[in-house]
Amino acid sequence: MNREIIDINDYTILLEEASTENNLIDSCFFDEPVIAIAFYGAGDVGLNVKFDGKTKKFHHTKGMVLSFYADNMVEFEHHVSKLKSLQCLVIATTIRNIDKLPNGEGQFLEQFLYQLIHPKDHYVEGPVFNMSPEMFQLVEQFFSNTYEGEIKMMFYKSHITALLSHYFGQLAQQQNTKLDTSQIEKINLAQEILLSDLESPPSLTELANRIGTNTNKLKIEFKAQFGVPVFKYLQNERLKKAYSLIKNEQKTIQEAAWAVGYDSLGSFSNAFEKKFGYRPSQV
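Predicted model only: the values in this text are computed from it and were never measured. (Residues numbered from 1 in each chain as written. Predicted model: local features only at pLDDT ≥ 70, side-chain atom pairs only at ≥ 80, totals over all residues. Heavy atoms only, no water.)

Enquirer: Break down the overall build of the protein chain for me, with residues and values.
Expert: Along its length, the protein chain carries 10 helices and 10 strands. At 20 Å, the protein chain has a C-alpha radius of gyration in line with the 19 Å of a compact globule built from 283 residues. Across its three principal axes, the protein chain shows a C-alpha extent of roughly 55 × 45 × 40 Å. Residue burial in the protein chain is summarised as follows: out of 283 residues, 46% are buried. Sequence separation of at least 24 residues holds for 70% of the intrachain contacts in the protein chain that already meet a minimum separation of 6. Taken together, the 28 basic and 35 acidic charged side chains of the protein chain have centroids lying 6 Å from each other. (Helix = DSSP H or I, 4+ residues; strand = E, 2+ residues; numbered from the N terminus. Rg over C-alpha atoms; globule rule 2.2 N^0.38 Å. Buried < 20%, exposed > 50% of the residue type's maximum accessible area, 1.4 Å probe, protein only. Contact = heavy atoms within 4.5 Å. Lys, Arg positive; Asp, Glu negative; His and termini not counted. Charge placed at Lys NZ, Arg CZ, Asp CG, Glu CD.)

Quick look at the structure:
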């Protein structure tokens, strides 16, 4: 378990990362009441939020953004396993610090997360949704940067501002759109189906049939929720997995390409370079 805590501009930033060959349960509490936004990165850890004898469970956290108010009576329990690692970035502040936040962020918290600033329970949950590709990329950079000292702090400050800008921007868009919760569940199911079989994913028609909708609605709603078309999302996930296979598991370029469904090494290398800016041989 790697845990880093940084204080920046009246925010407390918590970076947590863990992986295990077995099963691991990691519990954490906050010392004082906080308003927080948790961004879950490349891992897909299970999360249980426990308070007042109740438990709220999240089974698929990869790419999830969870906003909440919590006091010291609330327990956050992460279930880490070999296939479900933890990668979580939490941006937290206190109610007394709202007016001190930079860039008008206190005003945005009041506007978009009013129920968290005026809580009526030990745990109050705000909006929960999936990150846009831009947000996901920013979160990944928190865990992959190698800066030290003042340069690292400069990096954190700039990226916190950028991440919150995307976050509040996405909340603003949601306020202007009437959300159909049943449709959101279907689109989340479509995402799970794609991620479960990157090598041989279903066609657009098959995917629409499996979640109980039509292809046109699938295309429109998927892009609205994840910011990119279905198969652009699929390509991004394939390439991210291939990158991890090459860098972390020492797979050959050919093995990584085959593992994510590419038959042509040329096509794989070109797509990889277009996404990351360098060839897979340079990883």
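Enquirer: Lay out the layout of surface pockets in plain terms, naming residues and giving numbers.
Expert: Computed from the structure, the second largest pocket encloses a volume of approximately 440 Å³. Lining of the second largest pocket is provided by 20 residues; of these, Ile5, Thr12, Phe30, Val34 and Ala92 occupy positions nearest its centre. For the lining of the second largest pocket, the secondary-structure elements that each account for two or more residues are strand 1 (2-8), strand 2 (11-18) and strand 9 (86-93). When residues of the lining of the second largest pocket are assigned to their parent elements, the largest contribution, four residues, is made by strand 1. (1 Å grid on protein atoms, 1.4 Å probe; cavity = no way out; pocket = protein on both sides within 12 Å on 5 of 7 lines; lining within 4 Å. Points joined across faces, edges and corners; volume = space filled by probe spheres on them.)

Enquirer: I'd like to hear about the packing of helix 8 (residues 230-248) against helix 10 (residues 265-276), residue by residue, with values.
Expert: Where helix 8 contacts helix 10, the two axes come as close as 10 Å, and the packing angle between them is 95°. Relative to helix 10, the element helix 8 lies roughly perpendicular. Where helix 8 approaches helix 10, its residues Gln235, Asn236, Leu239, Lys240, Ala242, Tyr243 and Ile246 are matched on the opposing element by Phe268, Ala271, Phe272, Lys275 and Phe276. Each residue belonging to the contact of helix 8 with helix 10 can be placed in one class, and the counts come to eight nonpolar, two polar and two charged. (Axes fitted to C-alpha atoms, helices over the stretch in contact; angles between N-to-C directions. Parallel < 35°, antiparallel > 145°, perpendicular 65-115°, else oblique. Nonpolar A, V, L, I, M, F, W, Y, C, P; charged D, E, K, R; others polar.)

Enquirer: I'd like to hear about the nonpolar core, residue by residue, with values.
Expert: Soluble, globular proteins show a tendency: their nonpolar side chains are buried together. Membership of the largest hydrophobic core comes to 36 residues, with the highest contact counts inside it found for Phe39, Leu89, Leu163 and Tyr167. At eight residues, helix 4 (residues 149-175) tops the list of elements feeding residues into this core. In contact with Leu163, not counting residues within four places along its chain, are Phe39, Leu89, Ile91, Met135, Leu138, Val139 and Phe142. Among the nonpolar cores identified, the runner-up in size contains 25 residues, and Cys28, Tyr40, Met64 and Val74 belong to it. (Core = buried A, V, L, I, M, F, W, Y, C linked by side-chain atoms within 4.5 Å.)

Enquirer: Got a sec to walk through the packing of helix 3 (residues 133-144) against helix 4? Specific residues and values, please.
Expert: Where helix 3 meets helix 4, the closest approach of the two axes is 10 Å, and the angle between their N-to-C directions is 155°. With respect to helix 4, the axis of helix 3 lies roughly antiparallel. As for the relative orientation of helix 3 and helix 4, their crossing is left-handed in sense. Residues Glu134, Met135, Leu138, Val139, Gln141 and Phe142 of helix 3 form the contact with helix 4, whose participating residues are Phe155, Tyr156, His159, Ile160, Ala162, Leu163, His166, Tyr167 and Gln170. Split into classes, the residues belonging to the contact of helix 3 with helix 4 amount to 10 nonpolar, four polar and one charged. (Left-handed = near helix turned anticlockwise from the far one by under 90°.)

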